[in-house]
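Residue-level structural notes
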Amino acid sequence: MSQPSETDIQQIFDRIAPVYDRFNDLLSLGQHRIWKKMALRWCEPQQGEKWLDLCCGSGDMTALVAQKVAPTGQVIGVDFSKELLAIAADKAKNYSPKIQKCLTWQQGNVLHLPFADNSFNGATLAYGLRNVASIPQCLSELHRVLQNGSKVAILDFHRPSDRLMQTFQDFYLAQVVVPLADRFEMTDEYAYIAPSLARFPIGSEQVKLAQAAGFSQAKHYAIANGMMGILVLQK
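This is a predicted model, so every value here is computed, not measured.

What follows is about the sheet that holds strand β2 (residues 74-79). An order of β3-β2-β1-β4-β5-β7-β6 is seen for the seven strands of this open sheet, with the pairing classed as mixed. With one partner strand each, in any of the chains shown, β3 (103-107) and β6 (217-223) form the two edges of the open sheet. Strand-to-strand, the axes of this sheet are offset by a mean angle of 15 degrees, without reference to chain direction. Relative to the sheet, helix α7 (residues 135-145) contacts β1 (50-54), β4 (120-126), β5 (146-157) and β7 (228-234), its axis offset from that of β5 by approximately 145 degrees.

Quick look at the structure:
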């Protein structure tokens, strides 16, 4: 399967938006919420800071960051899917007023961020780096908009080094993800996961890409028995 274009990926996420949250919960047995909180602990947002959440989807990670920077901070959730952003904004109506006032939703391309240099105190990116058309360009743009000393946490799938876990991951994608996608009538939309994971750089390669983008510190942590990873960066 060839790599989908940016437009293809954008259309995929617009189509899956209505089932995005429910599918993620079923797919991870709710564990994605724990992994997002783990990622956040590594980058330590502080009250009053201005943060960026790239590929924010339906806004779960954005809201977690907002809880840390509230009541005087700000977090901007950026995604290229207007359908997912609409869901994020709708969910935000149920948050407390102090969280709501910290949140801004903005449609945008992570390869061409609409922000000035040195604008943010930190950033998060959950399950989005694997889908961008150019990982080096995404990391360079992220580096550009961050202030010196800023931290970043990037959470995504990871190919395990252990052969047994590799076999399990392949089995899970084929025997759990595909039937679940069938159930939601989203087979074609979720068919990109396995090939995108096969193309995705492993942790050590991600570290090199981050260093090439200018980050002074980069470390990758394998979690969930190596099937997930968190790349922690500092400018």
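Here helix α5 (residues 82-92) has its buried residues at Leu84, Leu85, Ala88 and Ala92. Angularly, the buried residues of α5 cover 100 degrees about the axis, an arc narrow enough to put them on a single face.

Another point: the nonpolar core. The biggest cluster of nonpolar side chains holds 45 residues, and the ones touching the most others in it are Phe13, Phe23 and Leu155. A total of five residues in this core trace back to one element, the largest contributor, which is helix α4 (residues 60-69). Not counting chain neighbours up to four residues away, the residues in contact with phenylalanine 23 comprise Val177, Leu180, Ala181, Phe184 and Tyr190. If you look at the next biggest cluster of nonpolar residues, it comprises 29 residues, including Ile76, Leu111, Val132 and Leu146.

Bringing the pattern of salt bridges into the picture now. Evaluation of the coordinates by the stated rule reveals eight salt bridges. The shortest N-O distance in the salt bridge between arginine 33 and aspartate 60 comes to 3.5 Å. Remark: aspartate 60 occurs in helix α4 and arginine 33 occurs in helix α3 (residues 31-43); sequence separation between them is 27 residues. By relative accessible area, which is 38% here, arginine 33 ends up partly exposed. In this structure, the salt-bridge partner of aspartate 60 is lysine 91, at a minimum N-O distance of 2.7 Å.

This next bit is on the packing of α3 against α4. Packed helix pairs are specified by the crossing angle of their axes together with the interaxial distance, meaning the distance between the axes. Relative to each other, α3 and α4 sit at 45 degrees, their axes nearing to 10 Å. One element, α3, and the other, α4, form an angle in the oblique class. Handedness of the α3/α4 crossing: right-handed. Contacts between α3 and α4 involve His32, Arg33, Lys36, Lys37, Ala39 and Leu40 on the former and, on the latter, Asp60, Met61, Leu64, Val65 and Lys68.

Definitions and limits used
Residues numbered from 1 in each chain as written. Predicted model: local features only at pLDDT ≥ 70, side-chain atom pairs only at ≥ 80, totals over all residues. Heavy atoms only, no water. Pairing = 2+ DSSP bridges. Helix = DSSP H or I, 4+ residues; strand = E, 2+ residues; numbered from the N terminus. Axes fitted to C-alpha atoms, helices over the stretch in contact; angles between N-to-C directions. Contact = heavy atoms within 4.5 Å. Buried < 20%, exposed > 50% of the residue type's maximum accessible area, 1.4 Å probe, protein only. Arc of directions from axis to C-beta. Core = buried A, V, L, I, M, F, W, Y, C linked by side-chain atoms within 4.5 Å. Salt bridge = Lys/Arg side-chain N within 4 Å of Asp/Glu carboxyl O. Parallel < 35°, antiparallel > 145°, perpendicular 65-115°, else oblique. Left-handed = near helix turned anticlockwise from the far one by under 90°.

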